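Here is how the chains run, residue by residue.
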Amino acid sequence: MQPPIPRQSAHEHGIHRAENDARLSDELASAVTRARRRAVRDADRQIDTAHLLHSLLESDSEVRAVLGDGPQIARLLGYLVQRSIGYGLRWQSGVEDSGAVPVVTDTAGFSPLAAASMEYARERAARHGGPARGVDLLAAIVVDAQARAVEVLRRAGIDPHTVLARIDGWTDGPQECPSQACGRGGEAAY
């Protein structure tokens, strides 16, 4: 049996849960809460990038607009919904970690890659002067080729490079990937 995801309140033992982070938009905080519930329901040890992607797709219209419509999105949702019988069974035996990012210690219950993605989303949002939105988290997720969400995107026929280019086209221009959130010195880990 796997240990459960921590369920402490934001004030308990000084833990500051991502959902209560003022640097997140209300929509993103809601998506993170959904990802946490999904991980608990699926008996996963940690929230990973696939949980985050699934919650973003369900709750964030801007993320859905970036990813587009059509059969690829239906296929993507199909893969994510089948997590308990497909990818999830393989993923339950390990922690999502590409080794390219340092472990972020203030994000209880997240895989190392998901925690680094949350931090990168906050940094990206700080550059555009607002709270982190779903597209900031999506951009953070797709920069690491080892992310479980990237694996699912590719299986569904969605190119992570194209997703990032679309996001960057919607913001103030190309965003530089900080070295702690990418594989090699500021370049996306593809």
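The rules behind each value
Residues numbered from 1 in each chain as written. Predicted model: local features only at pLDDT ≥ 70, side-chain atom pairs only at ≥ 80, totals over all residues. Heavy atoms only, no water. Axes fitted to C-alpha atoms, helices over the stretch in contact; angles between N-to-C directions. Helix = DSSP H or I, 4+ residues; strand = E, 2+ residues; numbered from the N terminus. Parallel < 35°, antiparallel > 145°, perpendicular 65-115°, else oblique. Left-handed = near helix turned anticlockwise from the far one by under 90°. Contact = heavy atoms within 4.5 Å. Nonpolar A, V, L, I, M, F, W, Y, C, P; charged D, E, K, R; others polar. Core = buried A, V, L, I, M, F, W, Y, C linked by side-chain atoms within 4.5 Å. Buried < 20%, exposed > 50% of the residue type's maximum accessible area, 1.4 Å probe, protein only. pLDDT = per-residue confidence, 0-100. Salt bridge = Lys/Arg side-chain N within 4 Å of Asp/Glu carboxyl O. Polar contact = N/O pair within 3.5 Å; in protein donor to acceptor, adjacent residues only side chain to side chain.

A. Up close: the packing of helix H6 (residues 112-128) against helix H7 (residues 134-142). One way to put it is that H6 packs onto H7 with a least axis distance of 8 Å and a crossing angle of 130°. Classed by the angle they form, the pair H6 and H7 counts as oblique. The hand of the H6/H7 crossing is right-handed. In this structure, H6 uses Ser117, Met118, Tyr120, Ala121, Arg124, Ala125 and His128 to contact H7, whose residues at the interface are Asp136, Leu137, Ala139, Ala140 and Ile141. Within the contact of H6 with H7, the residues separate by chemical class into 8 nonpolar, 2 polar and 2 charged.

B. Structural view of the environment of Pro71. When you line up the elements, Pro71 lands in helix H4 (residues 71-81). In this structure, the C-alpha to C-alpha distance between Pro71 and Ala156, residues 85 residues apart in sequence, is 8.9 Å.

C. Representation of the nonpolar core in the model. In this structure, Leu52, Leu53, Leu67, Leu76 and Leu138 are the most contacted members of the largest nonpolar core, which totals 43 residues. Breaking this core down by element, the ones donating at least two residues are helix H1 (26-41), helix H2 (49-59), helix H3 (61-67), H4, H6, H7, helix H8 (148-155) and helix H9 (160-170). In terms of residue count, the dominant contributor to this core is H7 (7 residues). If near-sequence neighbours (up to four positions away) are discounted, Leu67 is found in contact with Leu53, Leu57, Ile73, Leu76, Leu138, Leu153, Ile158, Val163 and Arg166.

D. Up close: the confidence of the model for the chain. Taken residue by residue, the chain gives an average pLDDT of 75. The fraction at 70 or more is 65%. The lowest-confidence element of the chain is helix H5 (residues 87-91), averaging 50 in pLDDT; the highest-confidence one is H7, averaging 96. In this model residues 97-106 is a low-confidence stretch, pLDDT under 50, and it forms 20 contacts with partners more than four residues away in sequence or in other chains. Confidence drops under pLDDT 50 across residues 172-190; counting only partners more than four residues distant or on other chains, this segment forms 41 contacts.

E. Examining the pattern of salt bridges more closely. A complete count under the given rule lists 6 salt bridges for this structure. Residue Asp48 is joined to Arg148 by a salt bridge in which the shortest nitrogen-to-oxygen separation is 2.9 Å. Here Asp48, found in the loop between H1 and H2, pairs with Arg148, found in helix H8; they are 100 residues apart in sequence, far enough to count as distant. You can call Asp48 buried: its relative accessible area is 0%. Given the relative accessible area of 10%, Arg148 is considered buried. Between Asp168 and Arg124 there is a salt bridge, and its shortest N-O distance comes to 3.0 Å. Of this pair, Asp168 sits in helix H9 while Arg124 is found in helix H6, placing the two residues 44 residues apart along the sequence.

F. Quick peek at H2. Among the 11 residues that make up H2, 9 are buried, leaving the element largely enclosed by the rest of the structure. Of the positions making up H2, those classed as buried are Thr49, Ala50, His51, Leu52, Leu53, His54, Ser55, Leu56 and Leu57. Near the N-terminus of H2, the side chain that reaches the backbone nitrogen of Ala50, with its oxygen 2.9 Å away, is that of Asp48.

G. Highlighting the side chain of Asp136. Among the secondary structure elements, Asp136 is positioned in helix H7. Classification of Asp136 as buried rests on a relative accessible area of 0%. Polar contacts involving the side chain of Asp136 include one to the side chain of Arg124, which spans 3.3 Å. Apart from the residues within four sequence positions on either side, Asp136 is in contact with Ala121, Arg124, Ala125, His128 and Pro131.

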